[in-house]
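What the coordinates show
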Amino acid sequence: MSSTEIAALHGREILDSRGNPTIEVEMRLACGVCARAAAPSGASTGIHEAWELRDGEPTRYRGKGVLNAVSLVNNEIAAGLAGADAAVQEELDRRLIALDGTETKSRLGANTILAVSIAAARAAAAAKGLPLWRSLEAPAGRASMPVPMMNILNGGVHAHWQGADFQEYMIVPYGAPTFREALRYGSETYHALRSILAAKGHHTGVGDEGGFAPAVGSNREPLDLIVEAIEAAGYRPGAEIGLALDPASSGFFEDGAYRLKTEGRSLSAGEMVDYYADLAAAYPIIVIEDGLAEDDWDGWQMLTARLGDHLELVGDDLFVTNVARIQEGIRQGAANAVLIKPNQIGTVTETVAAVDLAQGNGWGAMVSHRSGETVDTFIADLCVALGTGHLKTGAPARGERVEKYNQLLRIEEEAGSSLTFAGRNAFVR
Ligand SMILES: C=C(OP(=O)(O)O)C(=O)O
Ligand SMILES: [Mg+2]
């Protein structure tokens, strides 16, 4: 028996950062090493994502429990992985995929499968005596420290549609010399923004990812507020700190039109492209994620032809970390970067394949948290290991977000000068 053979698996239901149940898995290896992993959960989920398994029982947590998933881990998956070696991730993930047997992971659930897959990666790293990022790094020399993409102003569904239509306004401190400094730039800007919002009479409550959620009157106003905050914190917008947007536009795309409720108007895809071009000309925007809706391929082609030379255009709902959809995007010239969310696809192996495909085609790969998170820090190690150069994981406040940034501080400290900070080179344009 190999020392990294799985000896025991145990699932349990825990709560995520929104107070919804999610699954946590513990894995013990033959050598005695134990590891734990938990699945995150989205709110503005793409319709093409792999399935999240939820209980049908309506009285428990309004039917959102994951006791079925727990039972699957403790019984069917534990039995199905008998003899599996946690250190051979691809084989283990192949077995999980085969056990599920569906295209969309709808039988066992991508949440269930992912928690097992990550627990194996973590257990294998511990058994080898390696930090997780080093264990995941392949080929050697690929790793780097990412630029943190900090979502400091929330709108859309993450702010219960009480503010901007656009879901995320991120600051991108690519001009910092190190990750630690980048995090400091971002945190100081976040605090400056709070003071500016309060001084202007806005409330300073936060959305799901920890960014402020003021009741602004347009989707442009947050950009003015953030530029002011960057300057108030002592940094130069565009030189040291750039901006990124995730409008999450599938959420306001209805009957063929983009409905900007905050501004009281509806735009076509072409008009949205003009809107973004105007914003990019007026503000130091470097990234736009999900500028157009998840099946608006023609719109995405138009957006990429118009702005793809100087902006990173990231597909989240468009690609859902799925290599078949990414391949279609590459074929069509729709987007030039992929958002990487492990729970959209369900295994570590498939997540790495999505990054490899993007990077192999000169595209960007931006690793991301979900709006419902736990303190699991897998994505921090993943983005370092694969040298994706940027990670978005919310505001530099709120425990479940900060825990990822803190894990990156630990990695940077431990690795010393062997890991370079990706800086501005992280972005495809
Ligand atoms: C992180 C996001 O939100 P959610 O997890 O709700 O999809 C996103 O849309 O990029
Ligand atoms: Mg998104």
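Residues numbered from 1 in each chain as written. Chains lettered and ligands numbered in written order. Predicted model: local features only at pLDDT ≥ 70, side-chain atom pairs only at ≥ 80, totals over all residues. Heavy atoms only, no water.

1. A closer look at the packing of aromatic side chains
Worth spelling out the cut-off: Stacked, edge-to-face and tilted labels apply to pairs of Phe, Tyr and Trp rings (six-membered ring for Trp) whose centres lie within 6.5 Å, assigned for plane angles under 30 degrees, over 60, and everything in between, in that order. What counts as a helix is a DSSP run of H or I of at least four residues, what counts as a strand is a run of E of at least two, and both are numbered from the N terminus. Residue exposure (1.4 Å probe, protein chains only): buried if accessible area is under 20% of the type maximum, exposed if over 50%, otherwise partly exposed. Geometrically, a lysine NZ or arginine CZ counts as sitting over a ring once it is within 6 Å of the ring centre and also within 35 degrees of the ring normal.
For the structure shown, the criterion picks out twelve aromatic pairs. Both rings, one in Tyr 275 and one in Tyr 276, keep their centres 6.3 Å apart while their planes meet at 90°; by these two values the pair is edge-to-face. Ring centres of Phe 319 and Trp 363 lie 5.6 Å apart, and the angle between their planes is 50°; this geometry places the pair in the tilted category. With a gap of 44 residues between them, Phe 319 in the loop between strand E11 (312–315) and helix H9 (323–332) and Trp 363 in the loop between helix H11 (348–360) and strand E13 (364–368) connect regions that are remote in the sequence. You'll find Phe 319 and Trp 363 in the same group, each marked buried. Ring pairing ties together the aromatic residues Phe 166, Tyr 169, Phe 252, Phe 253, Tyr 258, Tyr 275 and Tyr 276, which thus form one cluster. A cation over a ring is seen here: Lys 261 above Trp 161, with NZ or CZ 5.1 Å from the ring centre.

2. Comments concerning the confidence of the model for the protein
This is how it is decided: Here pLDDT means the predictor's own confidence in every residue, given as a number from 0 to 100.
Summarising the model, the protein shows a mean pLDDT of 96, and 98% of its residues fall at 70 or more. Scoring the predicted complex yields pTM 0.97 and, for the interface, ipTM 0.99.

3. Examining helix H8 (residues 297–307)
Rules: This arc is built from the directions going out from the helix axis to the C-beta atoms. Throughout, a residue-residue contact means that at least one pair of heavy atoms, one from each residue, lies within 4.5 Å.
The set of residues buried in H8 consists of Trp 297, Gly 299, Trp 300, Leu 303, Thr 304 and Leu 307. All buried residues of H8 fall inside an arc of 155° around its axis, so they share one side. Seen from the open side of H8, the exposed residues pointing more than 90 degrees away from its buried face are Asp 298 and Ala 305. In the core, the buried residues of H8 are packed alongside helix H7 (269–282), E11 and H9.

4. Some remarks on the pairing of strand E2 (residues 21–29)
Across a regular strand the side chains alternate sides, sitting on one face of the sheet and then on the other. What counts is decided by this rule: Only strands that DSSP links by at least two bridges are regarded as paired with each other.
In terms of burial, E2 is largely enclosed, as seven of its nine residues are buried. By the bridge criterion, nine bridges tie strand E1 (residues 6–15) to E2 in an arrangement that is antiparallel. Across the sheet, residue Glu 13 finds its bridge partner in E2, namely Ile 23. When E2 meets strand E3 (residues 34–38), the two strands line up antiparallel, connected through five bridges. Residue pairing across strands places Val 25 opposite Ala 37, the latter belonging to E3. Between E2 and E3, which pair antiparallel and follow one another directly, the connecting turn spans four residues, one of which, Gly 32, has a positive phi of 100°.

5. A short note on the site of ligand 1
Formally: Residue proximity to a molecule or strand is established when one non-hydrogen atom of the residue lies within 4 Å of it. N or O atoms closer than or at 3.5 Å make up a polar contact, with two conditions inside protein: a donor-capable atom paired with an acceptor-capable one, and, for residues adjacent in sequence, both atoms drawn from side chains. Areas reported here follow the Shrake-Rupley algorithm with a probe of radius 1.4 Å; residue values treat only the protein chains shown as occluding. Only protein atoms enter the calculation, which uses a 1 Å grid: trapped sets of points that fit a 1.4 Å probe without letting it out are cavities, open sets showing protein on both sides within 12 Å along at least five of seven lines are pockets, and any residue with an atom within 4 Å of a point is a lining residue. More than half of a molecule's atoms lying within 2 Å of a cavity's or pocket's grid points is what places that molecule inside it. Residues are grouped as follows: nonpolar covers Ala, Val, Leu, Ile, Met, Phe, Trp, Tyr, Cys and Pro; charged covers Asp, Glu, Lys and Arg; every other residue, Gly included, is treated as polar.
Near ligand 1, the surroundings consist of 16 residues, among which Ala 43, His 158, Arg 370, Ser 371 and Lys 392 are the closest. Within the side chain of Asp 246, a nitrogen or oxygen atom sits 3.1 Å from an oxygen atom of ligand 1. Contact with the protein chains removes 100% of the 290 Å² of surface that ligand 1 exposes when unbound. One can see that ligand 1 is located within the second largest cavity. Taken together, the residues that form the shell around ligand 1 break down as two nonpolar, six polar and eight charged.

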